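The chain contents come next:
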Amino acid sequence: MTTITILGAGKVAKHLILNILEQDNLQLQQIYARNSDKINDVVDEAKIVNDINALKPADIFIIAVSDDAIEEVTSSFPLENQLLVHTSGTMPLSLIKNTDRKGVFYMLQSFSFDKSLDFSEIPFCLEASNPKDFKTLENLAVKFSEKVYKINSEQRKAIHLAAVFVNNFANHMFVLGEEICKENSVPFEILKPLIFETTKKIEHLSPLEAQTGPAARHDLQTIEQHQELLKDANKKEIYNLITKSILKK
């Protein structure tokens, strides 16, 4: 039985807690949380502590807090010779300073409090300071998913940057598209089949092969019409910048 303690009570922490509780061979030892409002409904309150000095030894301690808070948590961690890992996509392994047993347990996915996720579809990116602890993290990750990767800190930063482009920036395009729809009294739902088909295409094609649209066709007349329609300077700047990037490809 692998014992796991979670440090944090945010979105990543809550999803980890829910999935640990589903596993017969994992034991949720404790949760360290200053504010436990978001997890009180999913876990026994007796497992929640708000004093970091009340932590007991466990096989793995997973720090699931904001990037800015990781160093503070690790600097006040009271136990010795424990495997301490963070879940950040950008922070280096070296940020954990007060132990020789440290690692990264990064789940490449966008988390929300009220939307459940299939952990078996989530890529797990792992790093550890020694082979034995890496194996411990790998054994944990494969209980959740078959998509487990050994990724160093520099690679993980690059993955996180790429994820910002394909997730956060792509979603911002949906925000702008919805605004254009509203401005012209068109329901945003009319675009959803197109959005779904766009993401389905790259299961079989590379993103470059899947690229369509007026810029990909060098349809300058349509591009000029779109530019005339865009009255908002910010949207026009974004449209022109992305159009130029596609034209270069």
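Residues numbered from 1 in each chain as written. Predicted model: local features only at pLDDT ≥ 70, side-chain atom pairs only at ≥ 80, totals over all residues. Heavy atoms only, no water.

Peer 1: Tell me about the overall build of the protein chain, residues and numbers included.
Peer 2: What the protein chain contains, in helices and strands, is eight helices and eight strands. Its C-alpha atoms give the protein chain principal-axis dimensions of roughly 65 × 35 × 30 Å. Out of the 249 residues in the protein chain, the part that is buried amounts to 38%. Intrachain contacts of the protein chain at a sequence separation of at least 6 include 54% that bridge at least 24 residues. Summed over its atoms, the accessible surface of the protein chain is roughly 15,100 Å², and 52% of this surface lies on carbon and sulfur atoms. On the protein chain, the mean spot of the 28 positive side-chain charges and the mean spot of the 34 negative ones are 3 Å from each other. (Helix = DSSP H or I, 4+ residues; strand = E, 2+ residues; numbered from the N terminus. Buried < 20%, exposed > 50% of the residue type's maximum accessible area, 1.4 Å probe, protein only. Contact = heavy atoms within 4.5 Å. Areas by Shrake-Rupley, 256 points an atom, 1.4 Å probe, with all protein chains shown as cover. Lys, Arg positive; Asp, Glu negative; His and termini not counted. Charge placed at Lys NZ, Arg CZ, Asp CG, Glu CD.)

Peer 1: If you had to explain the pattern of salt bridges to someone new, which residues and values would you point to?
Peer 2: For the coordinates displayed, the defined rule picks out ten salt bridges. Between Glu138 and Lys135 there is a salt bridge, with the nearest N and O atoms lying 3.3 Å from each other. Of this pair, Glu138 and Lys135 both sit in helix H3 (residues 131–144), three residues apart, which is roughly one turn of that helix. Ionic contacts of the salt-bridge type, sharing partners, join the residues Glu179, Glu183 and Lys235 into one network. (Salt bridge = Lys/Arg side-chain N within 4 Å of Asp/Glu carboxyl O.)

Peer 1: Describe the packing of helix H7 (residues 220–229) against helix H8 (residues 233–248), listing the residues and the values that go with them.
Peer 2: Relative to each other, H7 and H8 sit at 160°, their axes nearing to 9 Å. One finds that H7 runs roughly antiparallel with respect to H8. You can see that H7 and H8 cross each other, and the crossing is left-handed. Side by side, H7 and H8 meet where Ile223, His226 and Gln227 of the first sit next to Lys236, Tyr239, Asn240 and Thr243 of the second. Here the residues of the contact of H7 with H8 sort into two nonpolar, four polar and one charged. (Axes fitted to C-alpha atoms, helices over the stretch in contact; angles between N-to-C directions. Parallel < 35°, antiparallel > 145°, perpendicular 65-115°, else oblique. Left-handed = near helix turned anticlockwise from the far one by under 90°. Nonpolar A, V, L, I, M, F, W, Y, C, P; charged D, E, K, R; others polar.)

Peer 1: Describe the pairing of strand S6 (residues 102–107), listing the residues and the values that go with them.
Peer 2: For S6, a buried count of six out of six residues is recorded, marking the element as mostly surrounded by other parts of the structure. With burial as the criterion, each face of S6 is covered, one bearing Lys102, Val104 and Tyr106 and the other bearing Gly103, Phe105 and Met107. Note: strand S5 (residues 84–86) against S6, three bridges, orientation parallel. In the sheet register, His86 faces S6, and the bridge partner there is Val104. Pairing geometry for S6 and strand S7 (residues 124–128), over five bridges, is antiparallel. If you follow Tyr106 over to S7, its bridge partner there is Cys125. (Pairing = 2+ DSSP bridges.)

Peer 1: Describe the packing of aromatic side chains, with residues and values.
Peer 2: Evaluated as defined, the whole model comprises six aromatic pairs. Measuring from ring centre to ring centre gives 4.9 Å for Phe61 and Phe77, while their planes differ by 75°; the resulting arrangement is edge-to-face. Taken together, the positions of Phe61 in strand S4 (residues 60–63) and Phe77 in the loop between helix H2 (67–75) and S5 put the pair 16 residues apart, joining distant regions of the chain. There is no split in this pair, since Phe61 and Phe77 are both buried. Among the aromatic residues, those joined into a cluster by ring pairs are Phe105, Phe119, Phe124 and Phe144. When the ring centre of Phe134 is taken as reference, the NZ or CZ atom of Lys150 above it lies at 5.3 Å. (Phe/Tyr/Trp six-rings, centres within 6.5 Å; stacked < 30°, edge-to-face > 60°. Lys NZ or Arg CZ within 6 Å of the ring centre and 35° of its normal.)

In short, the description is geometric, and any link to function would need to be established separately.
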